[in-house]
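Architecture at a glance
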Amino acid sequence: MAIKTQPVTVNLGPQHPSTHGVFRMRVMFDGEEIVDVEPVFGYLHRGSEKLAEERTYTQIVTLTDRMDYVSSMLNNQAYILAVEKLAGIEPSPRGVWLRMIASELQRIASHLVATGFLLQDLGALGTPLIYAMRERENILDLFEMLCGARITNSYLRPGGVFMDAPAEFWPALDRGLDDIVNTIDELETYLSGNEIVFSRTKGTAVLPPELLINASVTGPMLRASGVDWDLRHRAPYDYYDKISFERKLHTASDNYARYWVRVQEARESVKIIRQCIEQIEPGEVRPSFDDVPRLIRPPAGDAYAAIEGSKGELGFYLVSDGGIAPYRMHVRASSLINLTLLRDMLIGGQFGDLFVTFGSVDLNMGEVDR
Amino acid sequence: MNHLFLDNSLWRNIYCVLAGESAECAARDYSSGFLPGGMEWLAFLLAAAAIIGIVINAVLGGVIVLIWGERRLFGRFQSRTGPNRWGPFGTLTSVADAVKTMFKEDLVPAEADRILFNLAPVLIAAPALLVFSVIPFGVGTYVADLNVGVLFIMAVTSLTTLAVLTAAWSSANRIAILSALRSVALLISYEIPMALALVGVIMLAGSMALGDIIAAQGIPFILVQPLGFFVFFIAAMAEMARAPFDLTEAESELAAGYLNDYASMKFGLFFLAEFMAELSTSAIVTTLFLSGWKGFDPIPSHFWFAAKLIAVLFVIIWFRMTLPRLRVDQVLKFAWKGLFELTMINIIVTAVLIAIWPQPTTGQLWIMAAINWPVAIISIWGVSKLLGTPAYENSQPSADAPTYPVASESIPAASVLGADKGGD
């Protein structure tokens, strides 16, 4: 006797513990297998891009903090680069080195959070997450020394940063980098060789590199498929052309490869910061107010600047009509663009892998919905 | 009755305090009881009720302590303090939680089947308690020593799944149904290796009564039956749906699974049953594999039982804190392709050894242990090789891997920052 079966549609989110914020998916299941996924965006939309049209160029820095709230420094950096390009500002060298150090620290913090939450989605009851978060706390302490804030830093200004690092920052940074390396070693000991982690993530949600390129996916997701694409190397901004680092690649393009690339990139970031510390020289951290006034009036025109964010290419497009506020601001949010392949990753997979795959994208709803 | 009288000191003491001039009590220096002569039947009933009351309250008290201990241990594992506000070392946190749970609004979904919805919490709590009726907590301290004790445990622990299915079905929630179906799949798969893992123990003891099994353990059966212990422990973890097998609750997937629509003390009963299952599993492992209440003399048997129980609980909590969850298909594959084979190897090896030494003495048990350990290690290694995930063969890209066009070629140079600096 044939048993009559039919797929079941289940609503997951927006109030679901694993949606990394407020994301909603209508998922159709055939048993444990996913037949169809319909993502529903927009629950965290705050209109950041529209708000920017009402604020001066310096004030917008605070808005960018709140987009991807686990990598505020990187958002700051991308936005500031766009403003500098738009207004033709020549940044101070020390300011550039400082913001490179800050953004690389933020990259490590973001990758640690991504790894911790991936393990949380895998079902480890908080322990790896808290280990990762504990190390992130040390990085946030360093940020507190730099600018007094921990999450929403607003540290960067057009032309550099708003204040120099205090004297006690440098020994603390040195110790912090050693700690980070130790933590990554520890995480890798527990996770990379863990049979459950490996069997759950290997070979799941495989994406071919061609598909990733056509969908303009960037960042660790792309590098996990073997495509050597890192803006720090391909189109160096700030002083990344004075820095040498390895681009870590993996060909499997599955959930494990994405995890692996993030962990290795965090290691590379430590090396980059060490090179920054060697090359940084005393000086002003931003141009004087005669050169770069508080109220910037860029000439009419537009500019797009992109950096290698923690999640991919993070770009800011600014249009100026010559006024004190941008006429239009648009953000190329890497989380949103990386999420466009959600259906390709999930359909045909298992329910148990749904949120793991979702977590391996390393998305941040603050950036997706803005 | 005679059986109860000879062995069950808990029952005997209460009975003799109550009963009048009965022959059995007189022989054991109990001159007279509270009840007049001829009322022994009432003493019998009251004694039984008193024992059940003592055991239920001990278990519930144990659960309160366990919840506190588990949360404290979680804190230690996660490099934080854990509950420490209410009472010394946070010991009263569970009490506060219980009070809070009782005063919550008792919600029933509009589309729920009310009768089944209200029945499910009872269905899950009752079997969790029933298991303790056959566990010997110390010398002569048990409710009943059934001659089919092991079978009784297996039967009663499976009832949990019925309650889970009832809860999920009655709450008319699709996520809950998914969770319940996983629960049934787990039960069907893990009940078999769990039962087969105990066959070795039953063969060694020659009895299914827990009292006889403890008596037969000249050395703890964990030494004689390492494979049986390994399989039973894993299967029991799966049976009570603890991490890494917490597929039914799977917080990161199903939110709370079959518990999604439960609130107030109905949720509290499920919660209680979950921890009672943890306690009962540890008690079963202690009894069957760690020689129960046996120990050396100056320390009373009940303390030995408690100490071994706590050790097993620690390991369960440790696993739960450390390991991520397995996927459903992997869990089922592991049961059928891994654990089932291991139990078969164990049964064959044990059967051969029993054929050589039908009633093993302690010395012969040591010899069996010496044979069983290499068998266990080799077979577990073999299964892990067969079922383990192979590593990547080559994870580094070749030179002709596809890539984005370089910024200066087809993307307008002005749109990419720093394109004039050269890039690649």
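Residues numbered from 1 in each chain as written. Chains lettered and ligands numbered in written order. Predicted model: local features only at pLDDT ≥ 70, side-chain atom pairs only at ≥ 80, totals over all residues. Heavy atoms only, no water.

1. Observations regarding the overall build of chain B
What chain B contains, in helices and strands, is 16 helices and 0 strands. Put simply, chain B has 424 residues, and 48% of those count as buried. Put simply, 72% of the contacts in chain B that link residues at least 6 apart link residues at least 24 apart. When the accessible area of chain B is evaluated, it comes to approximately 19500 Å², of which 70% is carbon and sulfur surface. (Helix = DSSP H or I, 4+ residues; strand = E, 2+ residues; numbered from the N terminus. Buried < 20%, exposed > 50% of the residue type's maximum accessible area, 1.4 Å probe, protein only. Contact = heavy atoms within 4.5 Å. Areas by Shrake-Rupley, 256 points an atom, 1.4 Å probe, with all protein chains shown as cover.)

2. With respect to the sheet that holds strand E2 (residues 24-30) of chain A
Strand order in this open sheet of 3 strands is E1-E2-E3 (chain A), and the pairing throughout is antiparallel. At either margin of the open sheet sits one strand with a lone partner, and together these are strand E1 (8-12) and strand E3 (33-40) of chain A. Between one strand axis and the next, the sheet turns by 20 degrees as a mean value, whatever way the strands run. Summarising the sheet, E1(A) and E2(A) pair through 5 bridges and their orientation is antiparallel. What sits directly across from Leu12(A), in E2(A), is Met25(A). Running over the sheet, helix H14 (residues 351-360) of chain A touches E1, E2 and E3 of chain A and is turned about 150 degrees from E2(A). Contacts between helix H8 (residues 174-205) of chain B and the sheet are confined to E1 and E2 of chain A, with E1(A) contributing the most and set at about 110 degrees to the helix. (Pairing = 2+ DSSP bridges. Axes fitted to C-alpha atoms, helices over the stretch in contact; angles between N-to-C directions.)

3. Examining the interface of chain B and chain A
The accessible area lost on association of the parts is a frequent measure of interface size. Counting from both sides, the interface comprises 49 residues of chain B and, opposite them, 70 residues of chain A. Summing both partners gives a buried area of about 4800 Å² for chain B against chain A, and 58% of it is carried by carbon and sulfur. Between chain B and chain A we count 2 salt bridges in total. One salt bridge in this structure joins Glu32(A) and Arg182(B), with 2.7 Å as the shortest N-O distance. The tally of links from chain B across to chain A stands at 10 residue pairs in polar contact (both at pLDDT 80 or more). Taken together, the elements giving at least two residues each to the side of chain B that touches chain A come down to H8, helix H12 (251-254), helix H14 (301-322) and helix H15 (328-356) of chain B. (Buried area = accessible area lost by both parts, 1.4 Å probe. Salt bridge = Lys/Arg side-chain N within 4 Å of Asp/Glu carboxyl O. Polar contact = N/O pair within 3.5 Å; in protein donor to acceptor, adjacent residues only side chain to side chain.)

4. Points about the packing of aromatic side chains
All names here are of chain A. Following the criterion strictly, the structure yields 25 aromatic pairs over all chains and no others. On the basis of an interplanar angle of 70 degrees and a centroid distance of 5.3 Å, the ring pair of Phe 23 and Phe 41 is categorised as edge-to-face. Here Phe 23, found in the loop between E1 and E2, pairs with Phe 41, found in the loop between E3 and helix H1 (48-52); they are 18 residues apart in sequence, far enough to count as distant. Classification of Phe 41 by relative accessible area gives partly exposed; the value is 37%. (Phe/Tyr/Trp six-rings, centres within 6.5 Å; stacked < 30°, edge-to-face > 60°.)

5. Regarding the sheet that holds strand E8 (residues 328-332) of chain A
All names here are of chain A. Taking strand neighbours across the sheet as the criterion, the 3 strands line up as E6-E7-E8 in an open arrangement whose pairing is antiparallel. Single-partner strands in this sheet number two, and they are strand E6 (301-308) and E8. Averaged over neighbouring strand pairs, the angle between their axes works out to 10 degrees when direction is ignored. Note: E6 against strand E7 (residues 313-320), 8 bridges, orientation antiparallel. By the bridge assignment for E7, Ala 305 is matched with Phe 316. Each of E6, E7 and E8 touches helix H3 (residues 72-87); the most contacted strand, E6, lies at about 145 degrees to it.

6. A look at the domain arrangement of chain B
Residues and elements named next belong to chain B. With domains assigned, chain B is organised as domain 1 (1-96) and domain 2 (104-386). Between domain 1 and domain 2, the C-alpha centre-to-centre distance is 23 Å. The partner domain 2 presents 22 residues to the 21 residues of domain 1 that form the contact. Buried area between domain 1 and domain 2, summed over both chains or domains, comes out near 2000 Å², and the portion from carbon and sulfur atoms is 79%. The tally of links between domain 1 and domain 2 comes to 1 salt bridge. Here Glu 70 ties to Arg 320 by a salt bridge, and the two come within 2.5 Å at their closest N and O atoms. Taken together, domain 1 and domain 2 are joined by 1 residue pair in polar contact (both at pLDDT 80 or more). When residues of the side of domain 1 that touches domain 2 are assigned to their parent elements, the largest contribution, 14 residues, is made by helix H4 (residues 40-77). The class makeup of the residues in the side of domain 1 that touches domain 2 is 14 nonpolar, 5 polar and 2 charged. (Domains from an automatic or database assignment. Nonpolar A, V, L, I, M, F, W, Y, C, P; charged D, E, K, R; others polar.)

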